[in-house]
Amino acid sequence: MAKAETAEVAKKGNTELSLAVNFEADEGGFEEMGQDDLALPFLRILTNMSPEIGEIDGASPGMIYNSVTSELHDGKAGIQVIPCVYERKYIEWAPRGQGSGGPANIYPATSDILSRTHREIGDNKDYLDNGNYVENTANYYVMCLDKDGIPSPALIVMKSTQLKKSRKWNSMMQSVKMQGSNGLFTPPMFSQIYRMTIMSESNDKGKWHGWEIEKVGAVEDSGVYEMAKSFAASIKAGEVKAKPQEENAKEEGKDHNIF
């Protein structure tokens, strides 16, 4: 058989195989994988100082980056996500270049830790007397929808200038109402889809990129809804946890990210 004919047969064979194999019948096989064997990706905004700039083809400031898949999303087009769980914490960090690279402490949202901090002239960080600083951090566990509507779990972290966006998003989610058998009710946050895009922001101290959020509508696919619901339950049960980690030192001047 000629090479051209062989290649054509192989091409047809692969197509027929992909149509004939029943992958669903053999789903699973990951029973030995636990939470410690998996990495929960976080979605963050690339800046001029991000190490991905120059290392990943097509990466540029203002794009959305997936830390596990290295996938890039155009900031103007944005991404669609289903928020599943909101979690706010205070993270205590040692000054950059000191400590283990991980958080010195993690405090719940009910903590009064900020009442024990102070700010230094020309610095917006909240410092403790031991020299460490504390960040008010809003974590959103989400299901990110790809172009085909297939969901995958991720984490979005908001802090500093983005806390205002966090409060706006929270209000947006709580304002959703639906008509039920007993009147109006507030559906779970994982019942709605939101589009997150990136916009340029600035003040008298500089310029940066930030999140812009708009509601798309209710989740209509029952399978996707059940996946989001299950993800939320896993987080609340403590089966999925965000692991705080210091940002790459190459991103000098950037805040820390939690994932």
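None of the values given here were measured: they were computed from a predicted structure. (Residues numbered from 1 in each chain as written. Predicted model: local features only at pLDDT ≥ 70, side-chain atom pairs only at ≥ 80, totals over all residues. Heavy atoms only, no water.)

I'd love a proper account of the packing of aromatic side chains, names of residues and values included.
Counted by the stated rule, this structure contains six aromatic pairs. With centroids separated by 5.1 Å and ring planes inclined at 45°, the aromatic side chains of Tyr-86 and Tyr-140 adopt a geometry described as tilted. Here the residue Tyr-86 occupies a position in strand β4 (residues 79-93), and Tyr-140 occupies one in strand β7 (residues 133-145), the gap between them amounting to 54 residues. Classification of Tyr-140 by relative accessible area gives buried; the value is 0%. Each ring, one from Phe-190 and one from Tyr-225, has its centre 5.5 Å from the other, and the planes form 55°; the classification is tilted. Placement of Phe-190 in the loop between β10 (183-185) and β11 (192-203) and of Tyr-225 in helix α3 (residues 222-236) is noted, with a sequence separation of 35 residues between them. (Phe/Tyr/Trp six-rings, centres within 6.5 Å; stacked < 30°, edge-to-face > 60°. Helix = DSSP H or I, 4+ residues; strand = E, 2+ residues; numbered from the N terminus. Buried < 20%, exposed > 50% of the residue type's maximum accessible area, 1.4 Å probe, protein only.)

Could you give me a rundown of the pattern of salt bridges, with the residues and numbers involved?
For the structure shown, the criterion picks out seven salt bridges. Asp-112 is the salt-bridge partner of Arg-116, the closest N and O atoms lying 2.9 Å from each other. Classification of Arg-116 as partly exposed rests on a relative accessible area of 47%. For Asp-112, a relative accessible area of 46% corresponds to the partly exposed category. (Salt bridge = Lys/Arg side-chain N within 4 Å of Asp/Glu carboxyl O.)

Please set out the nonpolar core residue by residue, giving values where relevant.
Grouped together as the largest cluster of nonpolar side chains are 22 residues, with contacts concentrated most on Val-81, Tyr-140, Ile-156, Met-158, Trp-169, Met-196 and Trp-211. Those elements giving two or more residues to this core turn out to be β1 (42-45), β4, β7, β8 (151-159), α2 (163-174), β11 and β12 (206-218). Excluding residues that lie within four positions of it along the chain, Val-81 makes contacts with Val-142, Met-143, Cys-144, Ile-156, Trp-169, Gln-192, Ile-193, Tyr-194 and Met-196. (Core = buried A, V, L, I, M, F, W, Y, C linked by side-chain atoms within 4.5 Å. Contact = heavy atoms within 4.5 Å.)

Provide a residue-level description of the environment of Ser-50, including the pertinent values.
Looking at where Ser-50 falls in the secondary structure, it is placed in the loop between β1 and β2 (64-66). When its relative accessible area of 4% is taken as the criterion, Ser-50 is described as buried. Sequence separation of Ser-50 and Ser-60 is ten residues, and the distance between their C-alpha atoms is 9.0 Å. Side-chain polar atoms of Ser-50 contact the backbone nitrogen of Thr-47, separated by 2.8 Å. (Polar contact = N/O pair within 3.5 Å; in protein donor to acceptor, adjacent residues only side chain to side chain.)

Give a detailed account of α3, specifying residues and quantitative values.
For α3, built from 15 residues, the straight-helix expectation of 21 Å at 1.5 Å per residue is met to within 8% by its first-to-last C-alpha distance of 21 Å. Every buried residue of α3 is accounted for by Val-224, Ala-228, Phe-231, Ala-232, Ser-234 and Ile-235. Buried positions in α3, seen along its axis, are confined to an arc of 160° and lie on one side of it. In α3, the exposed positions angled more than 90 degrees off the buried face are occupied by Ser-222 and Lys-236. In this structure, the buried residues of α3 make contact with β4, β7 and β8. Residue Asp-221 occupies the N-cap position of α3, its side-chain oxygen lying 2.8 Å from the main-chain nitrogen of Gly-223. Taken from the residues just after α3, Gly-238 is the one with a positive phi, measuring 80°. (Expected span 1.5 Å × (residues − 1). Arc of directions from axis to C-beta.)

Now, about α2: what can you tell me, with residues and values included?
Helix length check: α2, at twelve residues, gives a terminal C-alpha distance of 17 Å against a target of 16 Å (1.5 Å per residue), a fit within 8%. Within α2, the full set of buried residues consists of Leu-163, Lys-165, Ser-166, Trp-169, Asn-170, Met-172 and Met-173.

Tell me about the environment of Val-176, and name the residues and values.
Relative to the assigned elements, Val-176 resides in the loop between α2 and β9 (178-180). Overall, the relative accessible area of 9% leaves Val-176 in the buried class. Sequence separation between Val-176 and Lys-215 is 39 residues, and the spatial gap between their C-alpha atoms is 9.7 Å. For Val-176, the contacting residues outside a window of four places in its chain are Phe-185, Thr-186, Pro-187, Gln-192, Tyr-194 and Lys-215.

Provide a residue-level description of the pairing of β4, including the pertinent values.
With three bridges connecting them, β4 and β11 associate as antiparallel partners. Looking across to β11, one finds that Gln-80 is bridged to Arg-195. Pairing of β4 with β7 involves 13 bridges; the strand directions are antiparallel. Within the sheet, the bridge partner assigned to Glu-92 lies in β7 and is Val-134. As paired strands, β4 and strand β5 (residues 105-108) are joined by four bridges and run antiparallel to one another. In the strand pairing of β5, Tyr-90 is matched with Tyr-107. (Pairing = 2+ DSSP bridges.)

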